[in-house]
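Structural overview
What follows is the residue order along each chain.
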Amino acid sequence: MSGINDFVVKFATVNGSGSASANTIFAKTLFRMGIPVSAKNIFPSNIQGLPTWYEVRVSEAGYLARREGIDIMVAMNPQSYQDDLKEIVAGGWLIYDSTLPRIWPRDDIKVLGIPIAQMCAGKWKDPRQRQLFKNMVYVGALTALLEIDMEVLKATVSDQLKGKEKLVAANMDAVALGRTYALENFECPLPIKVRTAETAKGKIMVTGNEAGGLGAVYGGATVCAWYPITPSTSLPEGFEKHAKRLRVKDGKRLYSIVQAEDELAAIGVAIGGGWNGARSFTATSGPGISLMSEFLGLAYFAEIPVVLFNIQRGGPSTGMPTRTQQSDITLCAYASHGDTKHVLLFPSNPTECFSMGADAFDLAERLQTPIMVLSDLDIGMNDWVTEPFAWDDKRVYDRGKVLDAKGLDEFKDIKGKDWGRYLDIDGDAIPFRTLPGTHPTKGAFFTRGTSHDEYARYTEDGVIHARVLDRIRRKFDTAATLVPKPEITTRDKSGKVGLIYFGATAPAVREACDYLERDGVRVNACRIKAFPFTKEVIEFCDAHETVFVVEQNRDAQMRALLMTEANIAGTKLVPALNYDGMPMTAAFVRGAVLKTLRPAQAAAE
């Protein structure tokens, strides 16, 4: 086995051992050397003590999907030794703490034992320091084994521990311990190693939740109400961090953040902010959506703008709170009882979490309805190498059809009718709204969750109720002209095989399409960015005889939406479903396609 800038390293440690910082430093150092990396933190839902893993895929070609098979396993947790050993590819390397030597039952891998605990015991007296610096010792060994640039590593450590110079020195001492041992006891570098590259130059490394929080700031949000839940918590925390930097003037805080007593209260506060004219949002995950459904129905029916970031995780119920899935598609599309249908956005990386997060506030006010941004744990909590964020400082927020006092006074003269809060004047199904305090005598109306007519008056007249519901449904047609169009990749203009995907599956699908083309199978691809579906999505399905729908849930929820909302025949939609909670791999996507198109080849492999 050999190669440069093309391998996978996996760290097997214990949750709460302080390994996360060391592992992140390793990944960020390679990124700063210009090498694209994909870092996946796989952790349990307890505070400490259980096994945790951190995978780093190194790919100068820019492949960012998780890859099956580990080239270098850093095994620091005896509890998981047996399983960790199985993942190493033939010819790969196992690094472990040989303070307590072991016999490993594989002769097709190379074992590199380093007495890490013993070295740390000789260097530091404090037990906690010994535990923490063990992690930097194995990073130090990797600098020699992989030929990592030491100057870049030191700069990364300094940035990670900014303002803690003593800790920087101690961490570099630990690095030196591991590096010296590797240089003196192993052939360095290994046949697989790194070198400075240009592929990642100009890109950034950030989590989707951090990006979404910043996107909310740039999108004009001034109210955030939330309740902690994995994996969404770091998004409102990111919003608060950036708002403290960007939303304070003359010592006065120009934003409000409320940690509510539960998810229902959180969405209630956010809806109240939207009703009052603020740009408001909340963030949650699947269980929170379940609790918020009643209020989402209120915002839908009373037509109040609000933004909701849903960072999806595995279900049902508590499910796998620290694993990733795309399991809330139908839950969000039809959240609440009765006839509801919501606008959804599907970012595929942190850059889009930023841009779609900002755009969601324009859409919410333009359409006067909840907008849900559906990310997931993989995008939200893992560091991604992604394009820098872009923002036009000349951009003007789209506040939608909001009447000021002058607009209320002149409404009948211009529109030919008296203003009604739920009256469709322009034929786009979007009424005009007013904000509290706009006019001393005009513009007041009742906001209610019960049936109402076009003038916000209570009614139990079924004909009027149906008329209002029909008008709100037509607003969904308007939304289809405003949401982002899909990204379509054509590899075969006359091809009859298509593939639909969305969200965090994008890296795996793009890589799989490359592999399939090498197999002689050209597949055209369509990445859905929003619901309702634009006409381009429907045209893509119509143009292909077979369309694979790749998603991370058991019940093919996106496929069901395509059948229900776009009238696509289920016979042509082939589900490709992965729901084990792990980020999707290109091997899975390629296998799912070949299983249908070339079953003999798939079976042989």
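What counts and what doesn't
- Residues numbered from 1 in each chain as written.
- Predicted model: local features only at pLDDT ≥ 70, side-chain atom pairs only at ≥ 80, totals over all residues.
- Heavy atoms only, no water.
- Helix = DSSP H or I, 4+ residues; strand = E, 2+ residues; numbered from the N terminus.
- Polar contact = N/O pair within 3.5 Å; in protein donor to acceptor, adjacent residues only side chain to side chain.
- Contact = heavy atoms within 4.5 Å.
- Domains from an automatic or database assignment.
- Buried area = accessible area lost by both parts, 1.4 Å probe.
- Salt bridge = Lys/Arg side-chain N within 4 Å of Asp/Glu carboxyl O.
- Nonpolar A, V, L, I, M, F, W, Y, C, P; charged D, E, K, R; others polar.
- Buried < 20%, exposed > 50% of the residue type's maximum accessible area, 1.4 Å probe, protein only.
- 1 Å grid on protein atoms, 1.4 Å probe; cavity = no way out; pocket = protein on both sides within 12 Å on 5 of 7 lines; lining within 4 Å.
- Points joined across faces, edges and corners; volume = space filled by probe spheres on them.
- Phe/Tyr/Trp six-rings, centres within 6.5 Å; stacked < 30°, edge-to-face > 60°.
- Lys NZ or Arg CZ within 6 Å of the ring centre and 35° of its normal.

Turning next to the side chain of asparagine 23. Looking at the element boundaries, asparagine 23 is found in helix α1 (residues 19–32). A distance of 2.7 Å separates the side chain of asparagine 23 from the side chain of tyrosine 138, its partner in a polar contact. Residues within four places of asparagine 23 in sequence aside, it is in contact with Phe11, Tyr54 and Tyr138.

The next subject is the domain arrangement of the protein chain. With domains assigned, the protein chain is organised as domain 1 (6–185), domain 2 (206–386), domain 3 (402–482) and domain 4 (487–604). The C-alpha-based centres of domain 2 and domain 4 are spaced at 27 Å. Between domain 2 and domain 4 the total buried area reaches about 2000 Å² when both faces are included, carbon and sulfur atoms providing 56% of it. Summed over the shared surface of domain 2 and domain 4, the number is 2 salt bridges. In this structure, lysine 341 and glutamate 565 form a salt bridge, with 3.1 Å as the shortest nitrogen-oxygen distance. Every element with two or more residues in the side of domain 2 that touches domain 4 is listed here: α11 (329–333), β16 (343–345), α12 (350–367) and α13 (377–381). A breakdown of the residues in the side of domain 2 that touches domain 4 according to their chemical character gives 12 nonpolar, 7 polar and 6 charged.

So, about the pattern of salt bridges. Under the counting rule described, the total for this entry stands at 43 salt bridges. Residue aspartate 514 is joined to arginine 491 by a salt bridge in which the shortest nitrogen-to-oxygen separation is 2.8 Å. A residue pair is termed long-range when its members are at least 10 positions apart, and aspartate 514 in helix α16 (residues 506–518) and arginine 491 in the loop between β19 (487–489) and β20 (497–501) qualify at 23 residues. Look at aspartate 514 and you get partly exposed, because its relative accessible area is 23%. Judged by its relative accessible area of 23%, arginine 491 falls in the partly exposed class. For glutamate 517, the salt bridge goes to arginine 522, with nearest N and O atoms at 3.7 Å. Classification of arginine 522 by relative accessible area gives partly exposed; the value is 47%. In this structure, a network of salt bridges that share partners links the residues Arg279, Asp359, Asp362, Glu365, Arg395, Arg399 and Arg433.

With that settled, the discussion passes to the layout of surface pockets. The volume enclosed by the largest pocket comes to roughly 390 Å³. What lines the largest pocket is a set of 16 residues, among which Asn41, Thr207, Met381, Asn382 and Asp383 lie closest to the centre. Within the residue set of the lining of the largest pocket, elements represented by two or more residues are α1, β3 (37–42), α8 (234–246) and α13. Broken down by element, the residue count for the lining of the largest pocket peaks at 4 residues, all from α8. Across the lining of the largest pocket, the residue classes tally to 5 nonpolar, 7 polar and 4 charged.

In this section: the packing of aromatic side chains. Enumeration according to the criterion identifies 21 aromatic pairs in this entry. With centroids separated by 5.0 Å and ring planes inclined at 75 degrees, the aromatic side chains of tyrosine 81 and tryptophan 104 adopt a geometry described as edge-to-face. Note that tyrosine 81 is positioned in helix α2 (residues 81–87) and tryptophan 104 in the loop between β6 (88–97) and β7 (110–114), a separation of 23 residues in sequence. The class of tryptophan 104 is buried, set by a relative accessible area of 11%. Residues tryptophan 419 and phenylalanine 445 carry aromatic rings whose centres are separated by 6.1 Å and whose planes lie at 65 degrees to one another, so their mutual orientation is edge-to-face. Taken as a pair, tryptophan 419 in the loop between α14 (405–415) and α15 (462–480) and phenylalanine 445 in the loop between α14 and α15 lie far apart in primary sequence, 26 residues in all. Given the relative accessible area of 15%, tryptophan 419 is considered buried. Assessed through its relative accessible area of 23%, phenylalanine 445 is described here as partly exposed. An aromatic cluster of three or more residues is present, and its members are Phe239, Tyr255, Phe281, Phe309 and Phe361. Just above the ring of tryptophan 104 sits the side chain of arginine 102; from NZ or CZ to the centre is 5.2 Å. Positioned above the aromatic ring of tryptophan 93 is the side chain of lysine 110, whose terminal nitrogen or guanidinium carbon lies 4.9 Å from the ring centre.

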